[in-house]
Amino acid sequence: VERFYEDEIYNTLLIEKIKEALGTNRSQEMELIFSAHSLPQKIVDKGDPYQKEIILHVEILKALLEQENLHFKAIHIAYQSKLGPVKWLEPSLENKLKSLTNKNVLIVPLSFTIDNSETEFELSMEYKEVAHELGFERYIVASCPNDADAFVECLKRLSF
């Protein structure tokens, strides 16, 4: 399966995951951060389309959120999971959290399709602790598509 960030079924599922995570919280009171796995800057500088595709994907999701009448205080992109001393894509999720004056945030793990150590541990535990230390009132992490029927259908359709 090649890139599928433009797939309508997949993106509709991501919007459903956002709604599910939002629950009874009012979107207008929340910052929305799409958190993507980081990549060394030198890889992007050599022409890798990853960062451009992340930005395009967020634009698609913003339009779908608008169609669903879901309006967030602001929508951001941040990057997580960097390792080593080289320069990585920015802003880091930690720095993005530090920059927010509104202390209500919904994190959407954008470049992850299944929950794993980077969503369950890094986002749901490590960054939650950072948010707590920064005085956040609400810190919510949306789940990944995982084994949702719509995601399975999307993959089946894309693989043929």
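For the structure, see preceding data.
About the thresholds
Residues numbered from 1 in each chain as written. Predicted model: local features only at pLDDT ≥ 70, side-chain atom pairs only at ≥ 80, totals over all residues. Heavy atoms only, no water. Pairing = 2+ DSSP bridges. Helix = DSSP H or I, 4+ residues; strand = E, 2+ residues; numbered from the N terminus. Axes fitted to C-alpha atoms, helices over the stretch in contact; angles between N-to-C directions. Contact = heavy atoms within 4.5 Å.

Participant: Looking at this model, I keep getting lost on the sheet that holds strand 1 (residues 31-37). Mind explaining?
Facilitator: Through backbone hydrogen bonds, the strands of a sheet pair up, either in parallel or in antiparallel fashion. Taken in spatial order, the 4 strands of this open sheet run 2-1-3-4, and their pairing is parallel. At either margin of the open sheet sits one strand with a lone partner, and together these are strand 2 (74-80) and strand 4 (138-141). Across the sheet, the axes of successive neighbouring strands diverge by a mean angle of 25 degrees, strand direction being ignored. Examined bridge by bridge, strand 3 (residues 104-109) and strand 4 share 4 bridges and lie parallel to one another. Residue Asn104 lies in a different strand from strand 4, and its bridge partner there is Arg138. Relative to strand 2, helix 3 (residues 50-67) is tilted by about 150 degrees, and along the sheet it contacts strand 1 and strand 2. Relative to the sheet, helix 5 (residues 117-133) contacts strand 1, strand 2, strand 3 and strand 4, its axis offset from that of strand 4 by approximately 170 degrees.

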